[in-house]
Amino acid sequence: MSTWLITGCSTGLGRALAEAVIGAGHNAVVTARDATKVADLAEAAPERVLAATLDVTSPEQVGSAVRQAEERFGGVDVLVNNAGYGYRAAVEEGDDADVRTLFETHFFGTIAMIKAVLPGMRSRRRGAIVNISSIGAQLTPVGSGYYAAVKAAIEGLSGALRGELAPLGISVTVVEPGAFRTDFAGRSLVQSSTVIDDYANTAGQRRKENDTIHGNQAGDPAKAGAAIIAAVEAPEPPGFLLLGPDAVAAYRYIADARASEIADWEKLSTSTNFDSL
């Protein structure tokens, strides 16, 4: 039995993962900005589940959630940084305050949680950190430039963190889900109030009023939750985990396209050294 702390458990992938963790017999600290939305998870297994209020942009609430986990269960074995939401806008349309809030939640909130659990993990010389990213970090779809950017930032941070923590017995895994049937493209999707007509046929096609994907995604959140547990419990947890056939296909397409472009431009790319004397 291990203790998991999962951010953003009120709906979607976070809730599905929480249910899978609880179902597997682990301890769980399930969190949401409104703890009443996860109270039912704790009531179903009160001896193993703690519901906690957590806004990852609040240093006080971050510290409180980790302290509660330590006091109740002795420490956090697995941290899952899942809290977040989608944001759509053409780059020019993006509101500065909205973009800063996006980064405060996804990127700086993730950092705050990591820093809060690491002292305990380091002292025990074990633990796992799972950072939920998105295939969008690779696809960089029009209208999702800011969301892709914040997830790419998390992935860059995670790569360095993995190297720093591996000698201490702590694993770091980035998870890139494809399209799963959650509220991500519905209630959890925010978009800019500014609309520029010149982007109607690019970013404009992905605004909420034009989006047809919500409710039709092929991905099963329950299976995603089980897959994350399997990855964390593997003898050597992966540094990078794709979830969904669509994510795998998209990643391979992007990798092949980049390899082709590298080959096309290799002569110019390798022409930048000083000439030999």
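A few points on the structure.

Conventions we followed
- Residues numbered from 1 in each chain as written.
- Predicted model: local features only at pLDDT ≥ 70, side-chain atom pairs only at ≥ 80, totals over all residues.
- Heavy atoms only, no water.
- Helix = DSSP H or I, 4+ residues; strand = E, 2+ residues; numbered from the N terminus.
- Contact = heavy atoms within 4.5 Å.
- Salt bridge = Lys/Arg side-chain N within 4 Å of Asp/Glu carboxyl O.
- Buried < 20%, exposed > 50% of the residue type's maximum accessible area, 1.4 Å probe, protein only.
- Pairing = 2+ DSSP bridges.

Moving on to the environment of Met-121. Relative to the helices and strands, Met-121 is located in helix α4 (residues 96-124). Separated by 48 residues in sequence, Met-121 and Gly-169 place their C-alpha atoms 8.6 Å apart. Residues in contact with Met-121, not counting those within four places in the same chain, are Val-76, Asp-77, Val-78, Leu-79, Arg-126, Gly-127, Ala-128, Ile-129 and Ile-170.

As a further point, take the pattern of salt bridges. Counted according to the given criterion, the structure contains five salt bridges. Of the charged contacts in the structure, one is a salt bridge between Arg-15 and Glu-19, with a shortest N-O distance of 3.5 Å. Taken together, the residues span about one helical turn, with Arg-15 and Glu-19 both in helix α1 (residues 12-23) at a distance of four residues. The exposure class assigned to Arg-15 is buried, which follows from its relative accessible area of 17%. Note on Glu-19: relative accessible area 43%, which makes it partly exposed. One salt bridge in this structure joins Asp-77 and Arg-126, with 3.8 Å as the shortest N-O distance. Within this pair, whereas Asp-77 is found in the loop between α3 (59-73) and β4 (78-81), its partner Arg-126 is found in the loop between α4 and β6 (127-132), the two being separated by 49 residues in sequence. Through salt bridges with shared partners, a single ionic network connects Arg-15, Glu-19 and Asp-40.

Turning our attention to the pairing of strand β7 (residues 170-177). For β7, the tally of buried residues reaches eight of eight residues, placing the bulk of the element in the interior. A two-sided burial pattern is seen for β7, the buried positions comprising Ile-170, Val-172, Val-174 and Glu-176 on one face and Ser-171, Thr-173, Val-175 and Pro-177 on the other. For β6 and β7, the ladder comprises six bridges, and the chain directions are parallel. Bridging across to β7, Ala-128 finds its partner in Ser-171. Of the strand pairs in this sheet, β7 and strand β9 (residues 240-243) are connected by four bridges, and their pairing is parallel. In the strand pairing of β9, Glu-176 is matched with Leu-242.

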